[in-house]
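Residue-level listing of the chains:
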Amino acid sequence: METHEEFYNTHPPPLNYENDITKVENFVRCHKNEKIVLITSGGTTVPIEQNTVRFVDNFSAGTRGSASAEYFLDAGYAVIFIYRSKSLEPFVRHFVNDSLLDKLEIKNNKSIQVKEDKVEKLLPLLKKYKDAKASNKFISIPFTTLIDYMWLLRGSCMLLDSKYCLIYLAAAVSDFYIPPSEMAEHKLQSKDGPPVMTLHLVPKVMKAVTHNWSRQAYIVSFKLETDSMLLETKSKDALHKYKHQLVIGNLLHSRKYNVKLISPNDIEDILVTDTNKKNGIEIEKIIVNKIKTKHDEFINNI
Ligand code: PAZ
């Protein structure tokens, strides 16, 4: 398998990379010696043509990452949100299922206002969002392809090498890709018959995060499985291999109400109860509160 160094040597950065990384650099400078979290969120695309019409994708909606971003802001963190373009974003996520236009009304044929019954939900979210932006506590940077993600991850992690930094790897990143040099240049044509292509393994960068790029930071990664029999073993293996401070194991179908927090000396099962659900408590709130405590202990070297 290709090493991560080989990967970066053979795949140039995306066009907007310099701009994006400068944005992260300025943000980190502004929050020196404050707690900062880098959140990755959503899936990655794997194009199958250079002029991309089609790509391989995955299920991730970005709920975990976008909800967690809101709770990290509540917990006092400055948040860098790196997300798959068009996946869920903090604050906006609360409105994706209902139309924005249905929340507005026209006043005197001249101006627009939010309908009275929608204000109760919209106002606190808008306030939190505006506060986060006004205090420069939140930036977001979109990516689309696996290669975009790989560059953003490395560039950002290299700027986050302090014990005050938390890296929260919630994105669902493809394990396979097609190098651009092996892709068809133009849209594949069905008249040419079923396409034959070889997917390559993406180099494992989880280890590089801890060992090369952000050695001082507190690192949390997620492990997704579909077979409950594998979850604990695979999460422990990941913890052992990558030496992250915490691995959070989750299963595809129960990920919204059950996760396992796996640290070197402890396994904690988190289950959102029916009462929690009724009160609108999301699992990310519980996860973020637990991580905040662990990160504080890490900073204070307890
Ligand atoms: O984005 P989402 O809320 O639909 O799903 C979250 C998740 C399952 C992608 C995340 O919790 C996770 O496990 N991410 C890592 C996946 C992996 O590479 O194993």
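Described below are features of the structure shown in this document. Owing to the predicted nature of the structure, the values given are computational and were not obtained by experimental measurement.

## Some words on the overall build of the protein chain
- A count of helices and strands for the protein chain gives 9 helices and 14 strands.
- In summary, the protein chain has a C-alpha radius of gyration of 21 Å against a globular reference of 19 Å for 302 residues, a match within 12%.
- On the principal axes, the C-alpha backbone points of the protein chain span a range of 60 × 55 × 40 Å.
- Counting over 302 residues, the protein chain shows a buried share of 43%.
- The contacts of the protein chain with a sequence gap of at least 6 include a subset with a gap of at least 24, amounting to 73%.
- Carbon and sulfur atoms provide 52% of the accessible area of the protein chain, an area that totals close to 16600 Å².
- Each charge class in the protein chain can be summarised by its mean position, and for the 41 positive and 37 negative side chains these summaries are 3 Å apart.

## Concerning the sheet that holds strand E7 (residues 138–143)
- In space, the 8 strands of this open sheet follow the order E7-E4-E1-E8-E11-E12-E13-E14, with mixed pairing throughout. Strand pairing shows two members of the sheet lacking a second neighbour, E7 and strand E14 (266–271), which therefore form its edges. Taken pair by pair, the neighbouring strands of this sheet meet at an average axis angle of 15°, ignoring direction.
- As judged from the 4 bridges shared by strand E8 (residues 165–169) and strand E11 (residues 218–225), these two strands associate in the parallel manner. Following the sheet pairing, Tyr-168 is matched in E11 by Val-220.

## Observations concerning the side chain of Asp-148
- Note on placement: Asp-148 falls in helix H5 (residues 146–158).
- Here Asp-148 sits buried without a salt bridge, and the closest side chain of opposite charge, Arg-84, lies 8.4 Å off (N-O distance).
- Ignoring any residue separated from it by four or fewer positions in sequence, one finds Asp-148 in contact with Pro-14 and Phe-143.

## Comments concerning the state of the cysteines
- Under the criterion given, the structure shown has 0 disulfides.
- Distance from the sulfur of Cys-157, which forms no disulfide, to the nearest cysteine sulfur (Cys-165) is 9.7 Å.
- Taking the relative accessible area as the measure of exposure, Cys-157 reaches 0% and is therefore buried.

## Some thoughts on the site of the ligand
- Around the ligand lies a shell of 14 residues, among which Ser-60, Gly-62, Leu-224, Asn-250 and Arg-255 are the nearest.
- Within the backbone of Ala-61, an N or O atom sits 3.1 Å from an oxygen atom of the ligand.
- Separating a nitrogen atom of the ligand from a backbone N or O atom of Ala-170 is a distance of 3.1 Å.
- Contact with the protein chains removes 90% of the 470 Å² of surface that the ligand exposes when unbound.
- Among the detected pockets, the ligand sits in the largest pocket.
- When contributions to the shell around the ligand are tallied by element, the ones reaching two or more residues are helix H3 (63–74) and E11.
- Of all the elements, E11 adds the most residues to the shell around the ligand, at 3 residues.
- By residue class, the composition of the shell around the ligand is 7 nonpolar, 4 polar and 3 charged.

## Observations concerning the pattern of salt bridges
- For the structure on display, the rule yields 18 salt bridges.
- Measuring nitrogen to oxygen at the nearest pair gives 3.1 Å for the salt bridge that ties Asp-269 to Lys-260.
- Two residues, Lys-292 and Asp-296, come together in a salt bridge whose shortest N-O distance is 3.0 Å. Taken together, the residues span about one helical turn, with Lys-292 and Asp-296 both in helix H9 (residues 283–299) at a distance of 4 residues.
- The exposure class assigned to Lys-292 is partly exposed, which follows from its relative accessible area of 25%.

## Some remarks on the packing of aromatic side chains
- For the structure shown, the criterion picks out 13 aromatic pairs.
- With a centroid separation of 6.1 Å and 75° between ring planes, the pair formed by Tyr-8 and Trp-213 is classed as edge-to-face. One end of the pair, Tyr-8, is in helix H1 (residues 4–10); the other, Trp-213, is in helix H6 (residues 206–213), and 205 residues separate them in sequence.
- Exposure remark for Tyr-8: the relative accessible area of 5% places this residue in the buried category.
- Consider the rings of Phe-81 and Tyr-83, whose centres lie 5.2 Å apart with planes at 15°: the pair is stacked. The same class applies to Phe-81 and to Tyr-83, which are both buried.
- Taken together, the aromatic side chains of Phe-7, Tyr-8, Tyr-17, Trp-151, Tyr-177 and Trp-213 make up a single cluster linked through ring pairs.
- Cation over ring: Arg-154 sits above Tyr-8, and NZ or CZ is 4.1 Å from the ring centre.
- Across the ring face of Tyr-257, the terminal group of Lys-277 is positioned such that the distance to the ring centre comes to 4.6 Å.

The rules behind these values
Residues numbered from 1 in each chain as written. Predicted model: local features only at pLDDT ≥ 70, side-chain atom pairs only at ≥ 80, totals over all residues. Heavy atoms only, no water. Helix = DSSP H or I, 4+ residues; strand = E, 2+ residues; numbered from the N terminus. Rg over C-alpha atoms; globule rule 2.2 N^0.38 Å. Buried < 20%, exposed > 50% of the residue type's maximum accessible area, 1.4 Å probe, protein only. Contact = heavy atoms within 4.5 Å. Areas by Shrake-Rupley, 256 points an atom, 1.4 Å probe, with all protein chains shown as cover. Lys, Arg positive; Asp, Glu negative; His and termini not counted. Charge placed at Lys NZ, Arg CZ, Asp CG, Glu CD. Pairing = 2+ DSSP bridges. Axes fitted to C-alpha atoms, helices over the stretch in contact; angles between N-to-C directions. Salt bridge = Lys/Arg side-chain N within 4 Å of Asp/Glu carboxyl O. Disulfide = S-S within 2.5 Å. Near = heavy atom within 4 Å. Polar contact = N/O pair within 3.5 Å; in protein donor to acceptor, adjacent residues only side chain to side chain. 1 Å grid on protein atoms, 1.4 Å probe; cavity = no way out; pocket = protein on both sides within 12 Å on 5 of 7 lines; lining within 4 Å. Sits in = over half its atoms within 2 Å of the grid points. Nonpolar A, V, L, I, M, F, W, Y, C, P; charged D, E, K, R; others polar. Phe/Tyr/Trp six-rings, centres within 6.5 Å; stacked < 30°, edge-to-face > 60°. Lys NZ or Arg CZ within 6 Å of the ring centre and 35° of its normal.

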